[in-house]
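# Overview (structure and organization)
One-letter residues, chain by chain:
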Amino acid sequence: FYCPRQFFLLGFQLQRTSRIIFFAGVLIVFMMTITGNLLMIMLVSNTQSLRSPMYFLLSHLSFCDIILSMTITPNLLYVTLQDGSPMTVSGCITQLYFFSLSSATECLLLTMMSYDRYVAVCKPLHYVMIMNFPFCLGLAVLSWTLGLSLSTMLNICLCHLQFCMSNTIDHFFCDYAPFCQVSCSDTTIVQTMIFIISTPEIVIETMFIISTYVCIFLAIHRISSTTGRQKAFSTCSSHLTVVCTYYGTLAAIYVFPSGEQSFNMNKIVSLMYTVVTPLLNPLIYSLRNREIKDWARAALAPLEKVMVGRQQHWGVSTSSNSSRFEFLQ
């Protein structure tokens, strides 16, 4: 058998004008994603009022988004610019490794953050005692350790695959399903191992998040005042929005059939999951959290004073010029 040393990623087959527009749009999203998540990490690290368990876990979530975006988007830009691009087998496996690492760790972090919101709403008097720094650090370390272990086991399974003549992957990155489809060896055992490894994690995380939010909604329902309900719900609205967005796009990849007619749809959903979602996380938390809004106002206050001063300066100059003009007349 001929074993190819590289694959050829087709990417999105677009016309030249559409390809340039798509490239520019993805590049803008990529720059905004890296900037937004880096600002979120710096903000949590340097702002005293944001050194809370939720924001500590959020900084790790932003780091996961940076890894995911750096793993997928630069290669997507190159594939789009070249209208298809080769990638070595080792490069493909490496991309799969960091993709699975960031995805698995992000799912685990979202699960840990749901527990944080549960304690904040259902056990507010014990929140400081339960969610102390050593415990939060342990949750973060556990998330990264499990994510690293799961991604390593998944990639060990993929390394046993053999490849023959077919080396074309109809995708913009090396996802698991397209990677297995171009293999000439029997992928039943590999797919079964991937199912056994990934399914317990997905089921446990989903059931845990649903259970915590059932308890949260029941606790909110027991609050008598409308203001109290709104305040309690606002503490978990950002996390709930991120969970629904992340798990919704992730689940959609597996809902659509794997036939050839669904390749374009799978690529679009994967684009939302790998490129757009990392940008949404910092935006959602920035727009829905009062602490970040207050920090933004405080950070922009000196700039606002400078702009107001310049406007007043130009206003005085304009009025003085007009008075001179009237005097000359």
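Conventions used here
Residues numbered from 1 in each chain as written. Predicted model: local features only at pLDDT ≥ 70, side-chain atom pairs only at ≥ 80, totals over all residues. Heavy atoms only, no water. UniProt positions renumbered as here; feature names shortened; annotations may be inferred. Helix = DSSP H or I, 4+ residues; strand = E, 2+ residues; numbered from the N terminus. Buried < 20%, exposed > 50% of the residue type's maximum accessible area, 1.4 Å probe, protein only. Contact = heavy atoms within 4.5 Å. Areas by Shrake-Rupley, 256 points an atom, 1.4 Å probe, with all protein chains shown as cover. Disulfide = S-S within 2.5 Å. Salt bridge = Lys/Arg side-chain N within 4 Å of Asp/Glu carboxyl O. Phe/Tyr/Trp six-rings, centres within 6.5 Å; stacked < 30°, edge-to-face > 60°. Pairing = 2+ DSSP bridges. Axes fitted to C-alpha atoms, helices over the stretch in contact; angles between N-to-C directions.

Labelled according to an unreviewed UniProt entry, the protein chain appears under the name Olfactory receptor, originating from Pelobates cultripes. Per UniProt, the comment on the protein chain under Sequence similarities (unreviewed entry) is "Belongs to the G-protein coupled receptor 1 family." Heading Subcellular location (unreviewed entry) of the UniProt record for the protein chain holds this comment: "Cell membrane".

### Examining the overall build of the protein chain
Each helix and strand counted, the protein chain has 10 helices and three strands in total. When the elements of the protein chain are put in sequence order from the N terminus, they spell out β-α-α-β-α-α-α-β-α-α-α-α-α. Counting only residues that meet the buried cut, the protein chain has 43% of its 329 residues in that class. Within the protein chain, residue pairs in contact and separated by at least 24 positions form 79% of the contacts whose partners lie at least 6 positions apart. Total accessible area computed for the protein chain in this model is approximately 18,200 Å², and 69% of it derives from carbon and sulfur atoms.

### A short note on the state of the cysteines
What is meant by a disulfide is a covalent connection between two cysteines, made through their sulfur atoms. Applying the stated criterion across every chain yields a total of one disulfide. Disulfide pairing places cysteine 92 opposite cysteine 174 at an S-S distance of 1.7 Å. Taking the sign of the torsion about the S-S bond as the criterion, the disulfide between cysteine 92 and cysteine 174, at about -120 degrees, is left-handed. Here cysteine 92 is found in helix 3 (residues 89-122), whereas its partner cysteine 174 is found in the loop between strand 3 (168-169) and helix 6 (176-181), with 82 residues between them in sequence. Among the residues examined, cysteine 92 registers a relative accessible area of 0% and is labelled buried. Sulfur of cysteine 64: no disulfide; nearest cysteine sulfur belongs to cysteine 107 and is 9.4 Å away.

### Side note on the pattern of salt bridges
By the definition in use, this model includes three salt bridges. Put simply, arginine 19 and aspartate 83 hold a salt bridge, and the shortest N to O gap is 4.0 Å. On the criterion of sequence distance, the pair formed by arginine 19 in helix 1 (residues 16-46) and aspartate 83 in the loop between helix 2 (53-82) and strand 2 (85-88) is long-range, its members being 64 residues apart. Judged by its relative accessible area of 14%, arginine 19 is buried. Relative accessible area serves as the criterion here: at 31%, aspartate 83 is assigned to the partly exposed category. With its nearest N and O atoms 3.0 Å apart, the salt bridge here joins lysine 267 to aspartate 170. Linking lysine 267 in helix 9 (residues 263-288) with aspartate 170 in the loop between strand 3 and helix 6, this pair joins segments that are 97 residues apart in sequence. Owing to a relative accessible area of 27%, aspartate 170 belongs among the partly exposed residues under this scheme.

### Quick look at the UniProt feature "transmembrane region" (unreviewed entry) in the protein chain
UniProt feature "transmembrane region" (unreviewed entry): in the numbering of this structure it lies at residues 20-43, 55-76, 127-146, 202-220, 232-256 and 268-287. Along residues 127-146, the helical share is 90% and the strand share 0%, with 25 Å between the first and last C-alpha atoms. With 100% helix and 0% strand, the stretch residues 202-220 has end C-alpha atoms that lie 27 Å from each other.

### Structural notes on the packing of aromatic side chains
Considering all chains together, one arrives at 12 aromatic pairs under this definition. Both rings, one in tyrosine 115 and one in tyrosine 118, keep their centres 6.1 Å apart while their planes meet at 35 degrees; by these two values the pair is tilted. In this pair, tyrosine 115 and tyrosine 118 are both assigned in helix 3, three residues apart and thus about one turn of the helix distant. By relative accessible area, which is 24% here, tyrosine 115 ends up partly exposed. Three or more aromatic residues joined by ring pairs form one cluster here, namely Phe12, Phe22, Phe99, Phe172, Phe173 and Tyr273.

### Digging into the environment of valine 26
Locating valine 26 in the fold gives a position in helix 1. What makes valine 26 buried here is its relative accessible area of 6%. Spatially, the C-alpha atoms of valine 26 and leucine 77 are 7.2 Å apart, while their sequence positions differ by 51 residues. Those residues in contact with valine 26, other than ones at most four positions away along the chain, are Thr73, Leu76, Leu77 and Val275.

### Description of the pairing of strand 2
Burial along strand 2 is one-sided: Ser85 and Met87 are buried, and none of Pro86 and Thr88, which face the opposite way, are. As judged from the four bridges shared by strand 1 (residues 6-9) and strand 2, these two strands associate in the antiparallel manner. Opposite glutamine 6, over in strand 2, you have threonine 88 as the bridge partner.

### Points about the sheet that holds strand 2
Strand pairing in a sheet takes place through backbone hydrogen bonds and is either antiparallel or parallel in direction. One open sheet holds the three strands; their spatial order is 2-1-3, and the pairing between them is mixed. In the strand order of this sheet, the two ends are held by strand 2 and strand 3, each with one partner. Packed on one face of the sheet, helix 3 meets strand 1, strand 2 and strand 3 and runs near 85 degrees to strand 2.

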